Amino acid sequence: MNSAPYTTSKHGLVGLTKSTALEGRAHNISVGCLHPGNTFTELRRNLKDPEPMMGVDEMASVALAMAALPANATVLEAVVLPYEQDYLGRG
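Chains are numbered independently. Their residues run from 1 in the order of the written sequence. Under the rules for a predicted model, residues below a pLDDT of 70 receive no local features and side-chain atom pairs below 80 are neither given nor counted, while totals for whole chains, interfaces and linings still include all residues. Only heavy atoms go into the side-chain values, all of them from the structure, while hydrogens and water stay out.

Q: Hey, could you run me through the overall build of the chain in this one?
A: What the chain contains, in helices and strands, is two helices and two strands. Going from N to C terminus, the chain has its helices and strands arranged as α-β-α-β. Along the first, second and third principal axes, the C-alpha set of the chain runs to 50 × 30 × 20 Å. The cut-offs for exposure are 20% and 50% of the maximum accessible area for each residue type, with area from a 1.4 Å probe on protein chains only; residues under the lower value are buried, those over the upper are exposed, and the others partly exposed. Out of the 91 residues belonging to the chain, those deemed buried represent 22%. Helix and strand assignments come from DSSP, with helices taken as H or I runs of at least 4 residues and strands as E runs of at least 2, each series counted from the N terminus.

Spelled out as structure tokens, the structure:
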């Protein structure tokens, strides 16, 4: 599978999100991590076995929804997947 680098970097981003969220409170900064599932981009245009995909516009909608929350609320982590996606991620 060779997913160790990907999984390691993903866990690093989760840790960075959590520590930044805690440290940002003193400055009224809210932090969240958006974990996108299969998202169609130019790099995925030539996949031989295409998987269910979401559009970049759908991911942008989720990011905007997270940013539009009231100042006293946050989404620490959001995992967004196409509902047809069988495989739930690598780590």
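Now that the structure has been shown, we can carry on.
Q: Before we go on, may I ask you to explain unusual backbone geometry in this structure?
A: Negative phi is the rule for most residues except glycine; trans is the rule for most peptide bonds. The backbone of asparagine 28 sits at a positive phi, close to 60°, despite the residue not being glycine. Overall, the relative accessible area of 76% leaves asparagine 28 in the exposed class.

Q: Help me understand the pairing of strand β1 (residues 33–36), please; the structure alone is not making it clear to me.
A: In the case of a regular strand, side chains alternate between the two sheet surfaces. Every second residue of β1 is oriented toward a common face, the buried set being Cys33 and His35 and the non-buried set Leu34 and Pro36. Any two strands with at least two DSSP-identified bridges between them are counted as paired. The sheet contact formed by β1 and strand β2 (residues 77–80) spans four bridges and is parallel. Bridge assignment links leucine 34 to a residue of β2, and that residue is alanine 78. Consider the strands pointing away from the viewer: the crossover is right-handed when the path from the first strand over the helix to the second runs clockwise. Each parallel crossover has a hand, and for β1 linked through helix α2 (residues 56–67) to β2 it is left-handed.

Q: What am I meant to see in the pattern of salt bridges here?
A: Close approach of charged atoms lets side chains of opposite charge pair. Throughout this description, the term salt bridge denotes a Lys or Arg side-chain nitrogen within 4 Å of a carboxyl oxygen of Asp or Glu. Scanning the entire structure with this criterion turns up one salt bridge. Of the charged contacts, one joins glutamate 42 and arginine 45 as a salt bridge, the two residues approaching to 3.0 Å between their closest N and O atoms. A relative accessible area of 49% means that arginine 45 is categorised as partly exposed.

Q: I'm lost on the layout of surface pockets in this one. Help?
A: One way to see where empty space is left: roll a probe the size of a water molecule over the atoms. The pocket and cavity definitions rest on a 1 Å grid over protein atoms only: a 1.4 Å probe that fits but cannot leave marks a cavity, an open set with protein on both sides within 12 Å along at least five of seven lines marks a pocket, and residues lining either have an atom within 4 Å of a point. Grid points are joined across faces, edges and corners, and a volume is the space filled by probe spheres set on the points. Of the volumes computed, that of the second largest pocket is approximately 420 Å³. Every residue lining the second largest pocket is counted, 19 residues in all, and those nearest its centre are Ile29, Ser30, Val31, Ala73 and Thr74. Those elements that place two or more of their residues in the lining of the second largest pocket are α1 (4–24) and α2. By residue class, the composition of the lining of the second largest pocket is 13 nonpolar, five polar and one charged. Side-chain classes follow a simple rule in which Ala, Val, Leu, Ile, Met, Phe, Trp, Tyr, Cys and Pro form the nonpolar group, Asp, Glu, Lys and Arg form the charged group, and the remainder, Gly included, forms the polar group.

Q: How do you make sense of the side chain of histidine 35 when you look at a structure like this?
A: Following the sequence through the fold, histidine 35 ends up in strand β1. In the analysis that follows, any N or O atom pair within 3.5 Å is treated as a polar contact, provided that within protein one partner can donate a hydrogen and the other can accept it, and provided that, for residues neighboring in sequence, both atoms belong to side chains. Looking at histidine 35, its side chain comes within polar contact range of the side chain of glutamate 77, at 2.8 Å. The criterion used for residue contact is that any of the two residues' heavy atoms lie within 4.5 Å. Leaving out residues up to four positions away in the same chain, histidine 35 has contacts with Lys10, Val14, Glu77, Ala78, Val79 and Val80.

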